[in-house]
Every structure is written in structure tokens, then in C-alpha cells.
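What follows is each chain in one-letter form.
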Amino acid sequence: MKHLFTQGKNPDKPVLLLLHGTGGNELDLLPIAARIDDEASILSVRGNVLENGMPRFFRRLAEGVFDEEDLIFRTKELNQFLDEAAEKYGFDRNNIMAIGYSNGANIAASLLFHYSDALKGAILHHPMVPRRGITLPDLAGTSVFLAAGTNDPICPPSESEDLQSLLQQANANVTLHWEQNGHQLTAEEVEAARRWYVEL
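What comes next is a walk through the structure. Computed from a predicted model, the values in this text were never measured in an experiment.

Cut-off values and rules
- Residues numbered from 1 in each chain as written.
- Predicted model: local features only at pLDDT ≥ 70, side-chain atom pairs only at ≥ 80, totals over all residues.
- Heavy atoms only, no water.
- Buried < 20%, exposed > 50% of the residue type's maximum accessible area, 1.4 Å probe, protein only.
- Helix = DSSP H or I, 4+ residues; strand = E, 2+ residues; numbered from the N terminus.
- Pairing = 2+ DSSP bridges.
- Right-handed = clockwise from strand over helix to strand, strands pointing away.
- Expected span 1.5 Å × (residues − 1).

1. Examining the pairing of strand β3 (residues 42–45)
So, point 1. Side chains I42 and S44 project from β3 onto one buried face, and the interleaved L43 and V45 project onto a second face that is buried too.
So, point 2. Examined bridge by bridge, strand β1 (residues 3–6) and β3 share 4 bridges and lie antiparallel to one another. Residue pairing in the sheet places F5 in a bridge with L43 of β3.
So, point 3. Regarding topology, helix α1 (residues 30–36) serves as the crossover connection from strand β2 (residues 15–19) to the parallel β3, and that connection is right-handed.

2. Notes on the pairing of strand β11 (residues 173–179)
So, point 1. In this structure, strand β10 (residues 143–149) lies alongside β11, joined through 7 bridges in parallel fashion. Its bridge partner being in β11, L146 is matched across the sheet by L176.
So, point 2. Handedness of the crossover joining β10 and β11 through helix α4 (residues 157–169): right-handed.

3. Observations regarding helix α3 (residues 103–114)
So, point 1. End to end, α3 covers 17 Å across 12 residues, agreeing with the expected 16 Å (1.5 Å per residue, within 8%).
So, point 2. Counting buried positions along α3 gives 11 out of 12 residues, so the element sits mostly inside the fold.
So, point 3. The set of residues buried in α3 consists of N103, G104, A105, N106, I107, A108, A109, S110, L111, L112 and F113.

4. Quick word on helix α2 (residues 68–89)
So, point 1. Between its terminal C-alpha atoms α2 stretches 31 Å, which fits the 32 Å expected from 22 residues at 1.5 Å a residue.
So, point 2. At the C-terminal side of α2, G90 shows a positive phi close to 70°.

Such coordinate-based values are descriptive only and should not be taken to indicate function.
Below, the structure is given as C-alpha cells:
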């Protein structure tokens, strides 16, 4: 997978896995990573799927309707890539914190839904429930920050509440943060994520 890796100043910090939204790339979330933790290593990945020329992490059938078969395949692909990247760059595979926005947050949530040890934690900006009706792995010890907009036209509040509930039922430690905004990624929610991360 096309990506960039930057070695951080502090090897004990989590590796920040950056996952962009639809039409973004591996450069998009670098300023946010710097706000969250400027000493951490960064692994920023570009989605392998193109939708009308726009990079994404998995296909969708329509707005808010995921191609579930492709989602499962791409989630496995990303998880295997993390295994390979940890070996290549010499970081702790069990110390990865995802930061995802929109489509990137959805693939990060899918990692949590399918693999108990894929991520140490995740900061998910405007995610949806990746799959319904499946049994999640035991996520005890996994911390998740969800940022949601009360007026989000793409990801309604009920999606965020459902995701929180499903993750909590799988024993994850979940914080749900609301902004009075739409689907955009705001400086306020990034700051809230930073405060949450510092207190971990």
C-alpha cells in the first residue's frame, strides 16, 4: 500500500496510523497527527480503491452503503500491511493508534470489528458502523475516541451511538465527543481528541 513512515522522537509512543477520508491521501492528516502527538512515529496510508479517481479504503455501493465483501477484503489487506510495516520499520506491532476521518475512520473501525489485536486504540472522526450483525472480538484494553457531528448529513447521530454501543459491548473503553457541526473535521474535535489521548 502506498504510504509514508516517519520515525518519531520517542519510540515508546504509539505509532499513529493515519487513514484519510474519500478523495484524500497520505498527506492529509499529518497536521492532525502533529497536534495529537508530535513525538510519535507516523504511518500514513493511502487507500487502494479509486472511486471516480478519488482514493478510498474500500468500495461502496452508494452513499452510506458499503460493499461488505470488499470491506472485509480491504480490512484484511490493511491488517496484513500493518504486520509488514512493523517488521520493515522496526516498531511494536501492538502499539498502533489509528487516527481516521470518514472513510478512513470506517476502515479503522472495521479493523476493530474483525481483529482483537489490530489496534491498541483509535481516534475516529465521523465514523459509521462498518458491519452489523456480527460478533466482535474481545476489545478489552482498547481505547476508542469517537468524534461526531449532531448535524452530520452523512453520518447521523444514531450511527455514532450504535458504534459506541457495539464497541462497548465488546469491552472497549469508548469516549463519544459531540460537535454541533456537520461532517467536516473541526479543530475543536481534534483538540478534544488530543486531550483524550494525553490522558490515556
